[in-house]
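Survey of secondary and tertiary structure
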Amino acid sequence: MRIDDFVVASRRVETVDELFALFHRAMEDLGFDRVLVTLLNRHDALSEDAQYGLFYSYPAAWAERYLEAGYGDIDPVRTLMTQQQLPITWRQILLESTLSEDQLTLFRESAEGGLHHGIGIPLRGPGGAIAGLGAASSSRDEVPDPDALERAHLLANQFYVCFWRLKQKVPGLHLDLT
């Protein structure tokens, strides 16, 4: 799906579930068939608490393992999403960060759980709201296009804007240019 097609279609959806389904399809076209949206802190304006996996297509067994093991407390992707604005690849984290044995286990187990070529994209909303997008491929062999990270960043930000609009029940922007 082209980015501009996603923008137009995302403005027309009526529910957050429809929005996530559309977003998931767009991310699949970039090579990321596993997608996770997490609210990293309370979103006061939406009356939403922090929540892991608000929307996700990650394998359920992996999501359960992540929560049971308490990986949210040590996940370097989550930490970086609260500290920076730019997207990051899991590979960058593995190459550039000093990771604990538990963090290395987290990455190993995510690969065993069917998550490869992962990325993290921080999302910022009003009032200090922070969300994060995690995306990965279920295929170890099919590496996403090098430009996919930037495209995913654009898609994720459009998703988040539309998520806010739908949750606040604000109609989409329609410009009458005539």
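Below, the structure is looked at part by part. (Residues numbered from 1 in each chain as written. Predicted model: local features only at pLDDT ≥ 70, side-chain atom pairs only at ≥ 80, totals over all residues. Heavy atoms only, no water.)

**Observations concerning the packing of helix α1 (residues 3-12) against helix α2 (residues 16-29)**
Contact pair α1 / α2: the axes reach a minimum separation of 10 Å and the direction vectors enclose 170°. Here α1 is positioned roughly antiparallel relative to α2, judged by the angle of their axes. Listed contacts from α2 to F6, A9 and S10 of α1 are L19, L22, F23 and A26. Its residues assigned to classes, the contact of α1 with α2 shows six nonpolar, one polar and no charged. (Axes fitted to C-alpha atoms, helices over the stretch in contact; angles between N-to-C directions. Helix = DSSP H or I, 4+ residues; strand = E, 2+ residues; numbered from the N terminus. Parallel < 35°, antiparallel > 145°, perpendicular 65-115°, else oblique. Contact = heavy atoms within 4.5 Å. Nonpolar A, V, L, I, M, F, W, Y, C, P; charged D, E, K, R; others polar.)

**Let's talk about the nonpolar core**
Core analysis: the largest hydrophobic core is formed by 34 residues, its most contacted members being F23, M27, I119, L133, F159 and F163. The set of elements that each furnish at least two residues to this core consists of α2, β1 (34-39), β4 (116-124), β5 (130-137) and α7 (148-167). With 11 residues, the single largest contributor to this core is α7. Judged by nonpolar contacts, the second largest core, of 20 residues, contains Y52, W62, Y66 and A136. (Core = buried A, V, L, I, M, F, W, Y, C linked by side-chain atoms within 4.5 Å. Buried < 20%, exposed > 50% of the residue type's maximum accessible area, 1.4 Å probe, protein only.)

**Focus: the pairing of β5**
When you tally the buried positions in β5, you get eight out of eight residues, the bulk of the element. Residue alternation in β5 divides its side chains into two sets, I130, G132, G134 and A136 and A131, L133, A135 and S137, and both sets are buried. With six bridges joining them, β1 and β5 adopt antiparallel strand pairing. Within the sheet, the bridge partner assigned to R34 lies in β5 and is A136. Two elements, β4 and β5, share seven bridges in a ladder whose sense is antiparallel. Bridging from a neighbouring strand, G120 pairs with G134 of β5. Hairpin connection between β4 and β5: a loop of five residues separates the two successive antiparallel strands, and G127 in this loop has a positive phi of roughly 70°. (Pairing = 2+ DSSP bridges.)

**Describing the layout of surface pockets**
It is the rolling of a water-molecule-sized probe over the atoms that shows where space remains empty. Approximately 460 Å³ is the volume attributed to the largest pocket. For the largest pocket, the lining is made up of 21 residues, of which W90, R91, H116, H117 and G118 are closest to its centre. At the level of elements, α5 (90-96), α6 (101-112), β4 and α7 are the ones that each hand at least two residues to the lining of the largest pocket. (1 Å grid on protein atoms, 1.4 Å probe; cavity = no way out; pocket = protein on both sides within 12 Å on 5 of 7 lines; lining within 4 Å. Points joined across faces, edges and corners; volume = space filled by probe spheres on them.)

**Here we look at the packing of aromatic side chains**
Enumeration according to the criterion identifies 14 aromatic pairs in this entry. Centre to centre, the rings of F20 and F159 are 6.4 Å apart; their planes meet at 75°, and the pair counts as edge-to-face. Of this pair, F20 sits in helix α2 while F159 sits in helix α7, and the two are 139 residues apart along the sequence. The class for F159 is buried, based on a relative accessible area of 1%. Between F55 and F159, the ring centres sit 6.1 Å apart and the planes meet at 90°, which makes this aromatic pair edge-to-face. Residue F55 is located in strand β2 (residues 51-56), and its partner F159 is located in helix α7; the two are separated by 104 residues in the primary sequence. Linked through ring pairs, F6, F20, F23, F55, F159, Y160, F163 and W164 together constitute an aromatic cluster. (Phe/Tyr/Trp six-rings, centres within 6.5 Å; stacked < 30°, edge-to-face > 60°.)

**Side note on the environment of R151**
You can see R151 is positioned in helix α7. Judged by its relative accessible area of 36%, R151 is partly exposed. In sequence terms R151 and I3 are 148 residues apart; their C-alpha atoms lie 7.5 Å from each other. Setting aside chain neighbours within four positions, we find R151 in contact with I3, L30 and D145.

**Let's talk about the sheet that holds β2**
Taken in spatial order, the five strands line up as β2-β1-β5-β4-β3 in an open sheet, and their pairing is antiparallel. Bordering the open sheet on either side are β2 and β3 (88-89), each of which pairs with just one other strand. Pairing of β3 with β4 involves two bridges; the strand directions are antiparallel. If you follow T89 over to β4, its bridge partner there is I119. Lying on the sheet, α7 is in contact with β1, β2, β3, β4 and β5; it crosses β4 at an angle near 45°.

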